[in-house]
Amino acid sequence: QVQLVESGGGLVQAGGSLRLSCAASGSIFSIATMGWYRQTPGKQRELVAAITSGGGTNYADSVKGRFTISRDNAKNTVYLQMNILKPEDTAVYYCKDMTFISWGQGTQVTVSS
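(A) Expanded view of the sheet that holds strand β8 (residues 77-82). Spatial ordering of the open sheet is given by β1-β3-β8-β7, a layout of four strands whose pairing is antiparallel. Edge positions in the sheet fall to β1 (4-7) and β7 (67-72), since each of these pairs with one other strand and no more. Strand-to-strand twist of the sheet, defined as the mean angle between neighbouring strand axes without regard to direction, takes the value 15°. The sheet contact formed by β1 and strand β3 (residues 18-24) spans four bridges and is antiparallel.

Encoded structure:
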């Protein structure tokens, strides 16, 4: 079973930045597609960004140009660099192993206006 642990969430002002990290257990990380999702109350959990084992990326339209997903296979870690944050980015952010269907517990991101 894959274990994912997110960190780096917090409270920032609009226009600020945060860097989320997701540490994955197991040696299968290097072949897995990884994703970041977010969820707010009353809304469906949505895919924010994804990265394949080969480094290909995809982003939700709402975060293109502001967020960057990356991975460090040597550290079994995937990152989400979030810049120019907006209040509407406020959510619980979850890391997901999209290949082996494993979720982290989430980390809260709050952006104040």
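Anyway, onward from the coordinates.
(B) View of the environment of Cys 95. As for its position among the elements, Cys 95 is in strand β9 (residues 91-97). Along the sequence, Cys 95 and Leu 20 sit 75 residues apart, while their C-alpha atoms lie 9.4 Å from each other. Aside from chain neighbours lying at most four places away, what touches Cys 95 is Leu 4, Glu 6, Cys 22, Met 34, Gly 35, Trp 36, Val 78, Ser 102, Trp 103 and Gly 104.

(C) Representation of the pairing of strand β11 (residues 107-112). Of the two faces of β11, only one is covered, namely that formed by Thr 107, Val 109 and Val 111; the face formed by Gln 108, Thr 110 and Ser 112 stays uncovered. By the bridge criterion, four bridges tie strand β2 (residues 10-13) to β11 in an arrangement that is parallel. The residue of β11 that forms the bridge with Val 12 is Val 111. Strand direction decides the pairing type here: β9 and β11, joined by three bridges, are antiparallel. Within β11, the residue paired with Tyr 93 across the bridge is Thr 107.

(D) Spatial organisation of the pattern of salt bridges. The tally for this structure, following the rule as stated, stands at four salt bridges. Ionic pairing is found between Lys 64 and Asp 61, a salt bridge with its closest N-O pair at 3.3 Å. Residue Lys 64 is classed as partly exposed on the basis of its relative accessible area of 47%.

(E) Looking closely at the environment of Asp 72. Within the fold, Asp 72 resides in strand β7. Once the C-alpha coordinates of Asp 72 and Ser 30 are considered, the two residues, 42 residues apart in sequence, prove to be 8.8 Å apart. Beyond its immediate chain neighbours, meaning those up to four positions away, Asp 72 contacts Phe 29, Thr 77 and Tyr 79.

(F) Summary view of the state of the cysteines. Enumeration according to the criterion identifies one disulfide in this entry. Linked covalently through their sulfurs, Cys 22 and Cys 95 form a disulfide whose S-S length is 2.1 Å. A torsion of -85° about the S-S bond marks the disulfide between Cys 22 and Cys 95 as left-handed. Of the two residues, Cys 22 sits in strand β3 while Cys 95 sits in strand β9, which places them 73 residues apart along the sequence.

Conventions used here
Residue numbers restart at each chain and count upward from 1, following the sequence in its written direction. Given that this is a predicted model, residues contribute local features only at a pLDDT of at least 70 and side-chain atom pairs are listed and counted only at 80 or more, while totals for whole chains, interfaces and linings are drawn from all residues. Side-chain descriptors were evaluated using all non-hydrogen atoms of the structure, hydrogens and water having been removed beforehand. Two strands pair if DSSP finds at least two bridges between them. The way it works is that DSSP assigns letters per residue, a run of H or I at least four long becomes a helix, a run of E at least two long becomes a strand, and they are numbered from the N terminus. Orientation is described by lines fitted to C-alpha atoms, with helices fitted over the stretch in contact, and by angles between N-to-C directions that extend from 0 to 180 degrees. By definition in these notes, contact holds between two residues if any of their heavy atoms fall within 4.5 Å. The buried label applies to any residue whose accessible area, calculated with a 1.4 Å probe on protein chains only, is under 20% of its type's maximum; exposed applies above 50%, and partly exposed to all values in between. We define a salt bridge as a contact between a side-chain nitrogen of Lys or Arg and a carboxyl oxygen of Asp or Glu at a distance within 4 Å. In plain terms, two cysteine sulfur atoms within 2.5 Å form what is called a disulfide here.

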